[in-house]
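Structural overview for review
These are the residues of each chain, in order.
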Amino acid sequence: MSAEGTDESSWALDPEDESGAVVAAVGRQLKMWREAAGFDRSTFAERMGYGADLTRKIESGIRIPRPEYLDKADEVLGAGGKIAAMKVDVEKARYPKKVRDLAKLESEAVEIGSYDNVVVTGLLQTEEYARALFGLRRPGFSEDEVERLVAARLARQKLIQRHPAPLLTVVQEEAVLRRPVGGKMVLRGQLEHLLEIGRLRTVEIQVMPTAVEEHAGLGSSFTVMRLKGGTTVGHNEAQLASRLISEPREVQILDMRYGMIRAQALTPRESLTFIEKALGET
């Protein structure tokens, strides 16, 4: 438990995570600074306001140090910003591996097409909507896990402001725009965000009305990404699995299906009008 009483378990490092070398190196540096300052582990943990076991795990490279932990260690050890600067090194390791893998692909994309039939696509979610969404998962996440997942989701969204930004096209089901995830005020904020971001030149949002009879996407949500090198890949996230799709035939099917979905949905201009109407009714 941290000084605030939050569960630190969600910051455990996946043994198969390749970022382990970075986390281990940071842990060794922290141990060297502690020993050079003349603190044993228990005394240091007391000064820090964290448990000695957490300190041991961080120094051993099996637990990812939180940013505030590094800030506090820098202060306690008088490192003059040298320890706090290591936050940059562990930033990516803070997020779950599958999120980092997806974010890496998105960073290499020149075009991203996403169809979502259950929730607002992750790249367009507000912080409040994302927090409410993760809070609804069962079995439930701890508060610390929710915050970690929300931070990871918001970090992925930085690509929208990138220069040059990838072309982002999104098709959302009408039902998603009416489901009050987190309550009506959270939904209103989410709809307002869609209207704002949908006016960017690099973003096109389309709505698939429930009344549409012909629908090529009734299987599940998915994403198609065209990468800088000319490769196209797909991504599908189901209940308990996240799957990258790279087999050419499967990618071709997804690409074709996405094109049909876009053709069956409202145009981007019609969709913004639809979202404005939904906002007025919320």
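Structural notes, computed from the coordinates. Just so we're clear, the structure is a prediction, and the values are computed from it rather than from any experiment.

**Things to note about the pattern of salt bridges**
The final tally for this structure, using the stated rule, is 19 salt bridges. Between Glu111 and Arg226 there is a salt bridge, with the nearest N and O atoms lying 3.3 Å from each other. Taken as a pair, Glu111 in strand E1 (residues 109-116) and Arg226 in strand E4 (residues 222-227) lie far apart in primary sequence, 115 residues in all. Taking the relative accessible area as the measure of exposure, Glu111 reaches 24% and is therefore partly exposed.

**Description of the sheet that holds E1**
Taken in spatial order, the six strands make up an open sheet running E3-E2-E1-E4-E5-E6, and their pairing is mixed. The sheet is open, and its two borders are formed by strand E3 (203-208) and strand E6 (242-245), each paired with just one other strand. Direction aside, neighbouring strands of the sheet carry axes that sit 15 degrees apart on average. Along the sheet, helix H11 (residues 248-264) makes contact with E1, strand E2 (167-173), E3, E4, strand E5 (232-237) and E6, crossing E4 at roughly 110 degrees.

**Topic: the packing of helix H1 (residues 20-36) against helix H4 (residues 67-77)**
Orientation of H1 relative to H4, taken along the N-to-C sense of each, is 25 degrees, at an axis distance of 10 Å. Between H1 and H4, the angle falls in the class roughly parallel. Crossing geometry of H1 relative to H4 is assigned as left-handed. Only Tyr69, Leu70, Ala73 and Leu77 of H4 make contact with H1, whose side of the interface consists of Val26, Leu30, Trp33 and Arg34. Considering only residue class, the contact of H1 with H4 consists of seven nonpolar, no polar and one charged.

**Looking at the packing of aromatic side chains**
In total, this model carries five aromatic pairs according to the counting rule given. Between Phe39 and Phe44, the aromatic rings sit 6.4 Å apart at their centres with planes inclined by 35 degrees, giving tilted as the arrangement. Across the pair, exposure class does not vary: Phe39 and Phe44 are buried alike. Considering the side-chain rings of Tyr50 and Tyr69, the 5.1 Å spacing of their centres and the 70 degrees angle between planes classify their relative orientation as edge-to-face. Of this pair, Tyr50 sits in the loop between helix H2 (41-48) and helix H3 (52-60) while Tyr69 is found in helix H4, placing the two residues 19 residues apart along the sequence. Each member of the pair Tyr50 and Tyr69 is classed as buried. Chaining the aromatic ring pairs together yields one cluster made of Tyr115, Phe222 and Tyr258.

**Quick notes on the nonpolar core**
Counting residues in each nonpolar core, the largest one holds 35 residues, and the members touching the most others are Leu124, Tyr129, Leu168, Leu191, Leu194, Met225 and Ile275. With six residues, the single largest contributor to this core is helix H10 (residues 184-197). Not counting chain neighbours up to four residues away, the residues in contact with Ile275 comprise Leu177, Leu191, Leu194, Leu195, Ile205 and Val207. If you look at the next biggest cluster of nonpolar residues, it comprises 17 residues, including Leu30, Phe44, Leu54 and Met86.

**Section: the packing of H10 against helix H12 (residues 268-281)**
Each pair of packed helices gets described by two things: the angle between the helix axes and the distance between those axes. Viewed as axis vectors pointing N to C, H10 and H12 meet at an angle of 160 degrees, and their least axial separation amounts to 10 Å. Classified by the interaxial angle, the pair formed by H10 and H12 is roughly antiparallel. Crossing handedness for the pair H10 and H12: left-handed. Residue-level inspection shows Arg188, Leu191, Glu192, Leu194 and Leu195 of H10 in contact with H12, the latter providing Leu272, Ile275, Glu276, Ala278 and Leu279. A per-class count over the contact of H10 with H12 returns seven nonpolar, no polar and three charged.

**What about the side chain of Ser271?**
Mapped onto the secondary structure, Ser271 falls in helix H12. A distance of 3.4 Å separates a polar atom in the side chain of Ser271 from the backbone oxygen of Leu266. If near-sequence neighbours (up to four positions away) are discounted, Ser271 is found in contact with Ile205, Gln206, Val207 and Leu266.

**Quick notes on H11**
If you check H11, its first and last C-alpha atoms are 24 Å apart, about what 17 residues at 1.5 Å a residue would give, namely 24 Å. All of the buried residues along H11 are Val251, Leu254, Tyr258 and Ile261. Along the long axis of H11, the arc covered by the buried residues comes to 85 degrees, so they all point the same way. Of the residues in H11, the exposed ones pointing more than 90 degrees away from the buried face are Pro248, Arg249, Gln252, Met256 and Ala263. Where H11 is buried, its residues meet E1, E2, E3, E4, E5 and E6. If you check the start of H11, you find a side-chain oxygen 3.0 Å away from the backbone N of Arg249, and it comes from Glu247.

Definitions and limits used
- Think of each chain on its own: its residues are numbered from 1, step by step along the sequence as written.
- Given that this is a predicted model, residues contribute local features only at a pLDDT of at least 70 and side-chain atom pairs are listed and counted only at 80 or more, while totals for whole chains, interfaces and linings are drawn from all residues.
- Working from all heavy atoms in the structure, the side-chain values ignore hydrogens and water.
- Each reported salt bridge corresponds to a side-chain nitrogen of Lys or Arg within 4 Å of a carboxyl oxygen of Asp or Glu.
- For helices the rule is a DSSP run of H or I covering at least 4 residues; for strands it is a run of E covering at least 2, with both sets numbered from the N terminus onward.
- Throughout, exposure labels follow a simple rule: accessible area from a 1.4 Å probe, protein chains only, divided by the maximum for the residue type, with under 20% read as buried, over 50% as exposed, and the rest as partly exposed.
- Pairing between strands requires that DSSP locate at least two bridges from one strand to the other.
- Every axis in this analysis is a line fitted to C-alpha atoms, fitted for helices over the stretch in contact. Angles between the N-to-C directions lie between 0 and 180 degrees.
- By definition in these notes, contact holds between two residues if any of their heavy atoms fall within 4.5 Å.
- In what follows, roughly perpendicular refers to angles from 65 to 115 degrees, roughly parallel to angles under 35, roughly antiparallel to angles over 145, and oblique to any angle outside these ranges.
- The sense of a crossing depends on the near helix, which, turned anticlockwise from the far helix by less than a right angle, makes the crossing left-handed and, turned clockwise, makes it right-handed.
- Here the nonpolar group is Ala, Val, Leu, Ile, Met, Phe, Trp, Tyr, Cys and Pro; Asp, Glu, Lys and Arg are the charged ones; every other residue, Gly included, is treated as polar.
- By convention, a stacked pair of Phe, Tyr or Trp rings (six-membered ring in the case of Trp) has centres within 6.5 Å and planes under 30 degrees apart, an edge-to-face pair has planes over 60 apart, and any other such pair is tilted.
- We define the nonpolar core as a collection of buried residues of types Ala, Val, Leu, Ile, Met, Phe, Trp, Tyr and Cys that are connected through side-chain atoms lying within 4.5 Å of one another.
- Polar contacts here mean pairs of N or O atoms no more than 3.5 Å apart (in protein, one a potential hydrogen donor and the other a potential acceptor; neighbouring residues in sequence count only if both atoms are side-chain atoms).
- In this scheme, a helix's expected span is set at 1.5 Å multiplied by one less than its residue total.
- Here, the arc refers to the directions that run from the helix axis to the C-beta atoms.

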